[in-house]
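Residues per chain, in single letters:
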Amino acid sequence: MLGDYRSGKTAIFNEIVGRKFGSYTNPSTFDYFYKEIMVDNELVGCNIWDTAGHEKFTTNLNKSFYRDVNCCVLCFDLHFEDSFKNLNKWMNEFHSKCLENGLENMELLPPFVLIGTKSDIPRTDISISNERIEQWCKNIEGQGIIDKVHYFETSAKLSQNIIMPFNTITKLALNYSNSIQKIK
Ligand SMILES: Nc1nc2c(ncn2[C@@H]2O[C@H](COP(=O)(O)OP(=O)(O)OP(=O)(O)O)[C@@H](O)[C@H]2O)c(=O)[nH]1
């Protein structure tokens, strides 16, 4: 899970691993949990890594952290401009570290899912509009990095729309893992 400082990654991570909202400390570099997720009648074991969004910690994440990653969960705060603007920075970071790990070309990069967080907070003028989010997704799709950006809005606070993105993440990760194994 990648995204800016305080974009809501840990709150989602805690929801998915069954910890109570607000009853946690944030990881200083990263936190890890193993969780079995049911998709299409198949139980899939997932290793989920939450990261600290503050730059002073993420610069510690070297390329080996990204080795064998099968899907990235890219998070931004729906009400905080910087976290949206920095999505490209996070995606570049993710892709460049994967390429450094020996993936030969962009077509072999792992998939990602985009999550807009804190959907329980009413949208205001400073919130990120649906148009801008759609435009961002179209730009990425236009670059041929990914066929379709899977986008979700969640509220960890209200436990809303947490399972659905993780089903998609698990499916994408499983497909990617299977196809990369074949190539290898
Ligand atoms: N209203 C609301 N607040 C949220 C939600 N998710 C997180 N928050 C709050 O947003 C703040 C940051 O959330 P975190 O989950 O710690 O964010 P993070 O991205 O893990 O932050 P770093 O670990 O510092 O990178 C905390 O005060 C949370 O309580 C949500 O769904 N709704």
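Since the structure is predicted, the reported quantities are computational estimates derived from the model, not experimental observations.

Quick word on the overall build of the protein
If you tally the helices and strands in the protein, you get 6 helices and 6 strands. The N-to-C order of helical and strand elements in the protein reads β-α-β-β-α-β-α-α-β-α-β-α. Expected size for 184 residues packed as a compact globule is a radius of gyration near 16 Å; at 16 Å, the protein falls within 12% of this value. Here the protein, with 184 residues, has 43% of them falling under the buried criterion. Contacts in the protein between residues at least 24 apart in sequence constitute 67% of all its contacts with a sequence separation of at least 6. In the form shown here, the protein has an accessible surface area of approximately 10200 Å², with 49% of it arising from carbon and sulfur atoms.

A look at the pairing of strand β4 (residues 72-77)
Within β4, 6 of the 6 residues are buried, which leaves it mostly tucked inside the rest of the structure. Side chains Cys72, Leu74 and Phe76 project from β4 onto one buried face, and the interleaved Val73, Cys75 and Asp77 project onto a second face that is buried too. Here strand β1 (residues 2-3) pairs with β4 via 2 bridges, running parallel. Residue pairing in the sheet places glycine 3 in a bridge with cysteine 75 of β4. Bridging between β4 and strand β5 (residues 112-117) involves 6 bridges; their strand directions are parallel. Bridged to phenylalanine 76 within β5 is glycine 116.

Focus: the confidence of the model for the protein
Low pLDDT marks stretches whose predicted atomic positions should not be read closely. On average, the protein scores 90 in pLDDT, and the residues at 70 or more come to 93%. Per-element confidence in the protein ranges from a low mean pLDDT of 63 for helix α2 (residues 55-58) to a high of 98 for strand β6 (residues 150-153). Under the prediction, the complex receives an ipTM of 0.98, its pTM being 0.94.

Description of a nonpolar patch on the surface
On the surface, Phe30, Tyr32, Tyr34 and Trp49 cluster together into a nonpolar patch covering about 400 Å² of accessible area. With 3 residues, strand β2 (residues 30-39) is the largest single contributor of residues to the nonpolar patch. Considering the arrangement of structural elements, one finds tyrosine 34 in strand β2.

Overview of the state of the cysteines
All told, the structure shown has 0 disulfides when counted by the stated rule. With no disulfide partner, cysteine 72 has as its closest neighbouring cysteine sulfur the one in cysteine 71, 7.0 Å distant. The class for cysteine 72 is buried, based on a relative accessible area of 5%. The thiol of cysteine 75 is not disulfide-bonded; the next cysteine sulfur, from cysteine 72, is found 8.3 Å away.

Side note on the sheet that holds β5
Spatial ordering of the open sheet is given by β1-β4-β5-β6, a layout of 4 strands whose pairing is parallel. At either end of the open sheet lies a strand with only one pairing partner, and these are β1 and β6. Where helix α5 (residues 130-142) meets the sheet, it contacts β4, β5 and β6, and its direction lies at approximately 170° from that of β5.

How each quantity is defined
Residues numbered from 1 in each chain as written. Predicted model: local features only at pLDDT ≥ 70, side-chain atom pairs only at ≥ 80, totals over all residues. Heavy atoms only, no water. Helix = DSSP H or I, 4+ residues; strand = E, 2+ residues; numbered from the N terminus. Rg over C-alpha atoms; globule rule 2.2 N^0.38 Å. Buried < 20%, exposed > 50% of the residue type's maximum accessible area, 1.4 Å probe, protein only. Contact = heavy atoms within 4.5 Å. Areas by Shrake-Rupley, 256 points an atom, 1.4 Å probe, with all protein chains shown as cover. Pairing = 2+ DSSP bridges. pLDDT = per-residue confidence, 0-100. Patch = residues over 30% accessible without salt bridge, like charges linked within 9 Å, V, L, I, M, F, W, Y side chains within 5 Å. Salt bridge = Lys/Arg side-chain N within 4 Å of Asp/Glu carboxyl O. Disulfide = S-S within 2.5 Å. Axes fitted to C-alpha atoms, helices over the stretch in contact; angles between N-to-C directions.

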